[in-house]
Each structure stands twice: as structure tokens, then as C-alpha cells.
Amino acid sequence: MNNMARIIAALPLLLIAAQSSFANQAPAVYPTAIFDFVEKSGHMSGMGERVSDIVFANLAMDPTITLVDREEMEKLQDEAVLNLSGMVNAQQANQIGMLTGARIIVTGTIFEIEDKLILVAKIIGTETSRVFGATVKGDSKDSIVDLSEALSARIAATISSSAESLVAKPVNKEDRLAALVKKLESTEKPSVTVAISEHHVNRKTTDPAAETEMILYSTEAGFEVIDNLSDKARTADVLISGEGFTEFATRKGDIVGVKARLEVKAIDQLTKKIIAVDRQTVIEVDLSEIIASKKALERASARIAERILPKIASR
């Protein structure tokens, strides 16, 4: 067989390998929360909600953006987490990211100046606190639908071009653990036992990723960890308990997005005093829904461990 024949014979295998490689590379997906826009003129009542609805509908078609559903936003509003003025500061943005899994927030205002209708969007990174803007202008008689669609395109373009500034660069687990160990190196650490259950789509799992990750961080940080199934679990100074939930969030082609919510509390087993309470929502993507759910719970648990273990050590 000559060289050309060998190349032709190998082409199908090369194509299959390339397709497999691309299929296993999950694209960057940016979980985004959209607030209702704020009207700056009294006669615009209701227009802010319409604009945000149109922006939501347009961004929902972008394969790189996963939107936080409106029910989640309403929950935050009920908890007074959202600033109803539409002005979101860095601390609020970070808190909204923790509670919804959003890594980007879109909010904005609508106002009129000299018969001109202006829509201004503010695009905020919940992890980096970086802020970018997008604006469209038109006559006061122009279609709000057309202006909102134009603004949507500019928002999507801004997220795409500024993603590296809006979204924090991933830090590997070894570096995060090293930072935690350094932070706790001079503290006296109590013994702990960890009991975190998790459910995926109303199905209990037998190998809880959140519990395993919390044990890993606790052990690496220097805490004595006692198996929660052993008789000695009652002798641990602190019980770290919690519950994790995951559910299907979105699908972009073969890539599945899953949202995980993890709630954890630390209890002094002698006094029954609650030392700390924390929660984290994370969105992860993968080719497999189950794997995505495991990754999401693992990341949520790691983030909580970084915040809650120092509180336990200083109890």
C-alpha cells in the first residue's frame, strides 16, 4: 500500500478521533442573571420589565449563555438580597452569584432625553466585580422591541469579548487548598465529622460528591475527620451537616447544564450551638447530566469549605 492509500485509509479514523476530541471539550458557558431594567421617567411604567423580557428571550438563544430563571430572582427579591433600585454593588453581585450560580449579572436603566430614548445595560462579573456597559439610542417613538433586540446583541457581544475580565480565571484545587492551609496554619482545629446528603432529580445518590469534597478540604487543612458512620462520630467536636440538590438547567447541543444548590451548617456537638451556616449555588456543564451534577456539587462544597472551615477553627 503506497503512502497516499494509507492516508486515505486512515481518514475515517482521524475524523472519528477529531469528533470525539471536540465532543469531549465542553464549551465555555456563562451563567447569567438578568434584572428588570429601571425606568427613569414616570410615564415609562412597565417598560423596564418588557425590556428585560426581550433581552432574556434573545440571550436565551446564545449557546454560550445560560440564564438564571426568573423564579430564582424572585426568591432573592423576597429575601431582600436584590437592590430594587437596579444599582447592584460588588458585594451584592458576589452574593447573588453565590445564591444563584450566576457568574454575570445584567441590569440597566431606560430614560428619555430631548425626545431620545436611551437604553443602558450594566454587565457585572459576580466573581471579579468588573463592570462593562452597553448602550442603544433611538427616537422616543421608535419600537422598544427593536431597541431591546439591538441592546441584546450588544450585551452578548460584550460578554463574549470581555469574558476573561468578567469571569474569574479558574484556580486549580492544589492552589486553593494551599491557600486554605496557609490561612489556618496557626489555628487550633477541632475534630469534625461530615454528613452531607445529596439528591439529583429526586434520586438519592450513594456516593455523595459534596461530602467527599468537604472531607478532603477538612483533612488537607489539618482537621481530624471522624467517619460519620462510626461510633466515634458523636465524639467529634463539630458536626458539618448539609444537603445538596441538583437539577437539569439547560442543554446546548450535546452539552448538558446542571444547577446544584448546597446548604451546609456547622454545629458544636457539645453545646448544640450553630457555629456557621452557608450555601452555594453552582452551574456546571458536561456531556453527562450525572457527571455535571457531581462536578457542580463538588465545586459548591469546595467553595463552602473555604469559607466555613476558618469559622469552625475560630469558634
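Residues numbered from 1 in each chain as written. Predicted model: local features only at pLDDT ≥ 70, side-chain atom pairs only at ≥ 80, totals over all residues. Heavy atoms only, no water.

1. Digging into the pairing of strand E11 (residues 274–286)
The test is simple: Only strands joined by at least two bridges in the DSSP assignment are considered to pair. Put simply, DSSP marks the helices as runs of H or I at least four residues long and the strands as runs of E at least two long, and each gets a number from the N terminus on.
When strand E10 (residues 255–268) meets E11, the two strands line up antiparallel, connected through 12 bridges. Within E11, the residue paired with Gly257 across the bridge is Val285. Connecting the antiparallel pair E10 and E11 is a turn made up of 5 residues, with Lys272 showing a positive phi of about 65°.

2. Notes on the pattern of salt bridges
Rule in force here: Salt bridge criterion: a side-chain nitrogen from Lys or Arg within 4 Å of a carboxyl oxygen from Asp or Glu. Whether a residue is buried, partly exposed or exposed follows from its accessible area with a 1.4 Å probe, protein chains only, as a fraction of its type maximum: under 20%, in between, or over 50%, in that order.
This structure, assessed with the given rule, holds 11 salt bridges. With a shortest N-O distance of 3.2 Å, Lys294 and Glu198 are connected by a salt bridge. Note that Lys294 is positioned in helix H9 (residues 289–313) and Glu198 in strand E7 (residues 192–200), a separation of 96 residues in sequence. A single burial state applies to Lys294 and to Glu198, both of which are buried. Measuring nitrogen to oxygen at the nearest pair gives 2.9 Å for the salt bridge that ties Arg261 to Glu263. Among the charged side chains, a salt-bridge network with shared partners connects Lys173, Glu213 and Glu298.

3. Points about the pairing of strand E9 (residues 238–252)
In this structure, E7 lies alongside E9, joined through 9 bridges in parallel fashion. In the sheet register, Glu198 faces E9, and the bridge partner there is Gly244. When E9 meets E10, the two strands line up antiparallel, connected through 14 bridges. The residue of E10 that forms the bridge with Ile240 is Ala266. Count of turn residues in the E9/E10 antiparallel hairpin: 2 residues, of which Gly253 carries a positive phi of about 65°.

4. Details of the nonpolar core
The line we're drawing: By nonpolar core is meant a set of buried Ala, Val, Leu, Ile, Met, Phe, Trp, Tyr and Cys residues that side-chain atoms within 4.5 Å join together. By definition in these notes, contact holds between two residues if any of their heavy atoms fall within 4.5 Å.
Counting 29 residues, the largest nonpolar core has Phe223, Ile240, Leu309 and Ile312 as the members making the most contacts within it. Breaking this core down by element, the ones donating at least two residues are helix H7 (173–184), E7, helix H8 (209–220), E9, E10, E11 and H9. Per element, the largest residue contribution to this core is 10 residues, and it comes from H9. Ignoring sequence-local partners within four residues, the contact set of Ile312 consists of Pro190, Val192, Phe223, Val238, Ile240, Ala266 and Ile275. Formed by 28 residues, the second largest nonpolar core is a distinct cluster that contains Phe37, Ile104, Leu117 and Val167.

5. Quick word on unusual backbone geometry
Leave glycine aside and you will find that most residues have negative phi; peptide bonds, for their part, are mostly trans. Of note, Glu114 is a non-glycine position whose phi angle comes to about 50°, a positive value. Looking at where Glu114 falls in the secondary structure, it is placed in the loop between strand E4 (104–113) and strand E5 (116–125). On the basis of relative accessible area, Glu114 is assigned to the exposed category, the value being 73%. Phi is positive for Ser129, close to 65°, though the residue is something other than glycine. On the accessibility criterion, Ser129 (34% relative accessible area) is partly exposed.

6. Comments concerning the side chain of Thr66
In this fold, Thr66 is placed in strand E3 (residues 65–67). Overall, the relative accessible area of 3% leaves Thr66 in the buried class. When near neighbours in sequence (up to four residues on either side) are disregarded, Thr66 contacts Val29, Tyr30, Pro31, Thr32, Thr250 and Ile283.

7. What to know about H8
The test is simple: Residue count minus one, scaled by 1.5 Å, sets the expected span of a helix.
The end-to-end C-alpha separation of H8 is 16 Å, in line with the 16 Å expected for 12 residues at 1.5 Å each. Among all positions of H8, only Ala209, Ala210, Glu211, Glu213, Met214, Tyr217 and Ser218 are buried. Looking at the packing, one finds that the buried side of H8 touches H7, E7, E9, E10 and H9. Backbone geometry just after H8 places Gly222 at a positive phi near 100°.

8. Concerning the environment of Leu180
The residue Leu180 is located in helix H7 in this model. A sequence separation of 126 residues divides Leu180 from Glu306, and the C-alpha atoms of the two residues are 6.5 Å apart. Look past the residues within four positions of Leu180 in its chain and what remains in contact with it is Tyr217, Ala221, Ala305, Glu306, Leu309 and Pro310.

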